[in-house]
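Residue-level structure breakdown
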Amino acid sequence: MELQEIYSQKEYYPNCGLTFRRPKISFEVFPPKDNDISSLFDELRLLKKYNPVLVSLTYGANGTSKNFSVEILKSIIGLEYNLMPHFTCMVSTKEEIERHIIAIENLGIENILALRGDLPGCCYDLSENDFKYANELVEFIHHKTTLSIGVAGYPECHIESKSLEEDIQNLKRKIDSGASAIFTQLFFENDKFYRYVELVRNLGIEVPIIPGIMPIRSLKQIDKMIEMANVAVPKNLREQLEKFPNDAKKIGVEFAISQCHDLIDNGVDALHFFTLNHSDMVSEILDNIL
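With respect to the packing of aromatic side chains
For the structure shown, the criterion picks out 5 aromatic pairs. Seen from their ring centres, Phe27 and Phe273 are 6.4 Å apart, and the 45° between their planes marks the pair as tilted. Note that Phe27 is positioned in strand S3 (residues 24–29) and Phe273 in strand S10 (residues 270–274), a separation of 246 residues in sequence. Like Phe27, the residue Phe273 is buried in the burial classification. Relative to Phe255, the ring of Phe188 lies with its centre 6.1 Å away and its plane at 65°, an arrangement referred to as edge-to-face. With a gap of 67 residues between them, Phe188 in the loop between strand S8 (181–186) and helix H7 (190–202) and Phe255 in helix H10 (residues 248–265) connect regions that are remote in the sequence.

With respect to the environment of Ala229
Structurally, Ala229 is set in the loop between helix H8 (219–228) and helix H9 (235–243). Overall, Ala229 belongs to the buried group, its relative accessible area being 11%. In this view, Ala229 contacts Ile159 and Gln185; residues no more than four positions away in its chain are not counted.

Let's talk about the nonpolar core
Among the nonpolar cores identified, the biggest contains 62 residues, and Phe27, Ile182, Leu271 and Phe273 are the most heavily contacted of them. Sequence-distant contacts of Ile182, that is, excluding residues within four places in its chain, are made with Val151, Ala152, Gly153, Leu171, Ile175, Val200, Ile205, Val207, Pro208, Ile209 and Ile210.

Notes on the pairing of strand S4 (residues 54–57)
Burial of S4 is two-sided: the residues Leu54 and Ser56 facing one way and the residues Val55 and Leu57 facing the other way are all buried. As paired strands, S3 and S4 are joined by 4 bridges and run parallel to one another. When the bridges of S4 are listed, Ser26 appears paired with Leu54. A crossover connection joins S3 to the parallel S4 through helix H2 (residues 37–47); in handedness this β-α-β unit is right-handed. Examined bridge by bridge, S4 and strand S5 (residues 83–88) share 3 bridges and lie parallel to one another. Looking across to S5, one finds that Ser56 is bridged to Met84.

Quick word on the pairing of S10
Burial analysis of S10 places 5 of its 5 residues in the buried class, the great majority of the element. Neither face of S10 is left uncovered, since the one carrying Ala270, His272 and Phe274 and the one carrying Leu271 and Phe273 both have all their residues buried. Of the strand pairs in this sheet, S3 and S10 are connected by 5 bridges, and their pairing is parallel. In the sheet register, Ser26 faces S10, and the bridge partner there is His272. Inspection of the sheet shows strand S9 (residues 209–213) paired to S10 by 2 bridges, in the parallel sense. Pairing of Gly212 across the sheet is with His272, part of S10.

About the criteria used
- By convention here, each chain's residues receive numbers from 1 onward along its written sequence.
- Confidence filtering applies because this is a predicted model: local features only for residues at pLDDT of at least 70, side-chain atom pairs given and counted only at 80 or more, and all residues used for totals across whole chains, interfaces and linings.
- To get the side-chain values, all heavy atoms of the structure are used, and hydrogens and water are removed first.
- Classification of ring pairs uses Phe, Tyr and Trp, with its six-membered ring standing for Trp, and accepts pairs whose centres are within 6.5 Å; under 30 degrees between planes counts as stacked, over 60 as edge-to-face, and the remaining range as tilted.
- Each helix is a run of H or I in the DSSP string that is no shorter than four residues. Each strand is a run of E no shorter than two, and both are numbered from the N terminus.
- For every residue, the accessible area (1.4 Å probe, protein chains only) is compared with the maximum for its type, and the residue is labelled buried under 20%, exposed over 50%, or partly exposed between those bounds.
- Residue contacts are counted whenever heavy atoms from the two residues lie within 4.5 Å of one another.
- Side-chain atoms within 4.5 Å link the members of a nonpolar core, which is a set of buried Ala, Val, Leu, Ile, Met, Phe, Trp, Tyr and Cys residues.
- The pairing criterion is simple: DSSP has to find at least two bridges between the two strands.
- A clockwise course of the path from the first strand over the helix to the second, judged with the strands pointing away from the viewer, identifies a crossover as right-handed.

Quick look at the structure:
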């Protein structure tokens, strides 16, 4: 099922004799570092009960586990998930990219998340690349395949952009090139997501915007996110994690439950969870919001 169809459908579930709107749930997982696919299978089987509309599969920095990701996709197709593999264009030629996306399409997969990817180094020269920006990759995939294309959005601005307004202009280029859904980077302050959606809609972008939720497991994880991306952490959340480091997972789950409830109460009808291959925390969150 393509992204357009997934996010145009309305989902409901009965409760206490009434009918309530049910948010669409999707998950991001990544290839196991030890290449043990069975552990990933166990995660996906545990998450199956939440009837996810989509499961996305990442691969390593600069596409380092790209071929392994294809093998995983072949293996997990039997679990009957609607799959959306990630794909980046850093350090890949047009020929390599075309072979890879056609291989994905030949597996019967209908969706792909198109990303520029991280630069190999701070002084990396983009001029040598066949693709310099994500919108160029989106346009290439759009013209070479029938894949439905998702792209990334940044509620707090991409770390390399000069401003949020400039970043949203870059987002519009991706949509105009053929993308049909936006999956956001994680965030912890919902007001920033609501403001982002408003700015995106004001620019005439009407495709679905799916918020990315990452359960916090530790203060170290938080600090890594701040270093890698432009993500703000609420003061009270950081204070709790610093005061009770051994309860980080419990604090993270409780915060995510509250965050998701607020999003749903404000009309958000889809949630995308970055599981980090830890289904236990995501399961606890979903058991409290569905």
